[in-house]
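# Secondary and tertiary structure notes
So the chains spell out like this:
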Amino acid sequence: MKNILETKELIKSFGGVHAVDHLSVNIQEGQITGLVGPNGSGKTTLINLLSGFSLHDGGSVFFGGAERKKITPWENQIYNITRTFQQIKLFDQMSVLDNILVIITERNPFLALFERHSKYHISQAEDILKQVDLFEKRFHNAGELSYGQKKLLEIGRVLAMDTKIILFDEPFAGLFPEIIKKIENIIKALKQEGKTIVLVEHNMNIIRNLCDHLIVMDAGKLLAEGHPEKVLTERVVLEAYLGE
Ligand SMILES: Nc1ncnc2c1ncn2[C@@H]1O[C@H](COP(=O)(O)OP(=O)(O)OP(=O)(O)O)[C@@H](O)[C@H]1O
Ligand SMILES: [Mg+2]
């Protein structure tokens, strides 16, 4: 097993709040790693630090063993990493299809130079929309979609990025069981393809169903880690949740 992503004594503070507090964790290649913890325990802050949306105050982040000093979101393609947001971020005024096409053409700027939306790009985008059950909606504006469909379109955009590492920040929040099942299956398929996944999630049934490894944070610190079934019965973990 290989560490693809690693933090050592990582620190991020906001005023007096230690959002991430001397956190050292390892993310194994090809696994689904769950990231859980009470509200405000620093999960999103960690995702922000790993994906360059926020700069750490101390400690280090390693990608494949090499330290990544300054992290910026536009370097993510180089580091082969994609993240999602707790708040949906789509281009509402663009069609569902175009929301996917912009990513595919950005990824292949050379091809896009000759033919912005080549048949090849469009068929790739349509394949992705079929995977997330939005093919029928491809000509609708993203803004017209239901909440669940917007979440699915976000997952489609992740598929279009096609990076080795994917960080999901609560992709299941507020969804009906039917759509949860759908996204669970997509995440399982991503793992089959060899992707490395970090999943922030509050629902422990989903964690048990999907994750190979679990990291529990509390007040910015590492509270416990290991196999989900084992970690979720540890006293410190139960207490952290009961105290919420
Ligand atoms: N931009 C910011 N400015 C000030 N404080 C922040 C900022 N971002 C996060 N915090 C604080 O850092 C702590 C960790 O927040 P974070 O959003 O990382 O928690 P979380 O584990 O993702 O919580 P949730 O489960 O509610 O999404 C909280 O106390 C939060 O108020
Ligand atoms: Mg969060």
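Sequence order sets the numbering: in each chain, residues are counted from 1 along the sequence as written. All chains are assigned letters beginning with A, and all ligands numbers beginning with 1, in the order in which they are written. Restriction of local features to residues with pLDDT of at least 70 applies here, the model being predicted, together with a cutoff of 80 or more for giving and counting side-chain atom pairs; totals for whole chains, interfaces and linings are based on all residues.

An unreviewed UniProt entry annotates the protein as ABC transporter domain-containing protein.

### Examining the domain arrangement of the protein
Where each domain starts and ends follows an automatic or database-derived domain assignment. Partitioning the protein into structural domains gives domain 1 (1–80 + 165–175 + 194–244) and domain 2 (88–162). Using only C-alpha atoms to locate each centre, domain 1 and domain 2 end up separated by 28 Å. Contact between two residues is assigned whenever their backbone-derived C-beta positions fall within 7 Å. The partner domain 2 presents five residues to the four residues of domain 1 that form the contact.

### Thoughts on the site of ligand 1
Close to ligand 1 lie Phe-14, Val-17, Ala-19, Gly-37, Asn-39, Gly-40, Ser-41, Gly-42, Lys-43, Thr-44, Thr-45 and Gln-86. We count a stretch as a helix when DSSP gives it H or I for four or more residues in a row; a strand needs E for two or more, and each element gets its number in order from the N terminus. For the shell around ligand 1, the secondary-structure elements that each account for two or more residues are strand 2 (17–28) and helix 1 (43–50). By residue number, the principal contributor to the shell around ligand 1 is helix 1, which donates three residues. For this scheme, ten residues count as nonpolar: Ala, Val, Leu, Ile, Met, Phe, Trp, Tyr, Cys and Pro. Four count as charged, namely Asp, Glu, Lys and Arg, and the remainder, Gly too, count as polar. Of the residues assigned to the shell around ligand 1, the class counts are three nonpolar, eight polar and one charged. Near, for a residue, is defined by distance from a backbone-placed C-beta atom to a molecule or strand, with 6 Å as the limit that must not be exceeded.

### Thoughts on the nonpolar core
Leu-35, Ile-100, Leu-129, Leu-167 and Leu-199 are the most contacted members of the largest nonpolar core, which totals 57 residues. Formed jointly, this core draws a minimum of three residues from each of two domains, domain 1 (1–80 + 165–175 + 194–244) and domain 2 (88–162). A set of buried Ala, Val, Leu, Ile, Met, Phe, Trp, Tyr and Cys residues, joined to one another through C-beta atoms within 7 Å, is what we call a nonpolar core. Counting other C-beta atoms within 10 Å of a residue's C-beta gives its exposure: the residue is buried at 20 or more, exposed at 12 or fewer, and partly exposed in between, where C-beta atoms are placed from the backbone.

### A closer look at the pairing of strand 10 (residues 221–226)
Within a regular strand, the side chains alternate between the two sheet faces. Any two strands are treated as partners once DSSP identifies two or more bridges connecting them. The pairing of strand 9 (residues 213–218) with strand 10 spans five bridges and is classified as antiparallel. Within strand 10, the position partnered with Val-216 by the bridge is Ala-224. Where strand 9 folds back on strand 10, the antiparallel hairpin that results is connected by two residues, among which Ala-219 adopts a positive phi of roughly 50 degrees.

### Comments concerning unusual backbone geometry
A positive phi angle, near 50 degrees, is found at Glu-9, a position not held by glycine. If you trace the backbone, Glu-9 turns up in strand 1 (residues 3–14). Residues other than glycine seldom take positive phi values, yet Glu-170 does so here, at roughly 50 degrees. Turning to its location among the elements, Glu-170 is positioned in the loop between strand 7 (165–169) and helix 7 (177–192). A tally of 20 C-beta atoms within 10 Å means that Glu-170 is categorised as buried.

### Brief notes about the sheet that holds strand 7
Taken in spatial order, the six strands line up as 6-7-8-3-9-10 in an open sheet, and their pairing is mixed. Since the sheet does not close on itself, it has two edges, and those belong to strand 6 (81–83) and strand 10, each with one partner. For this sheet, the mean inter-axis angle between neighbouring strands, taken without regard to orientation, is 15 degrees. Across four bridges, strand 3 (residues 32–36) lies against strand 8 (residues 196–200) in parallel orientation. Counterpart to Ile-32 in the pairing with strand 8 is Ile-197. An axis is simply a line fitted to the C-alpha atoms; with a helix, the fit covers only the stretch in contact. Between two such axes, the angle follows the N-to-C directions and lies from 0 to 180 degrees. Across the sheet, helix 7 is in contact with strand 3, strand 7 and strand 8; its angle to strand 8 comes to roughly 150 degrees.

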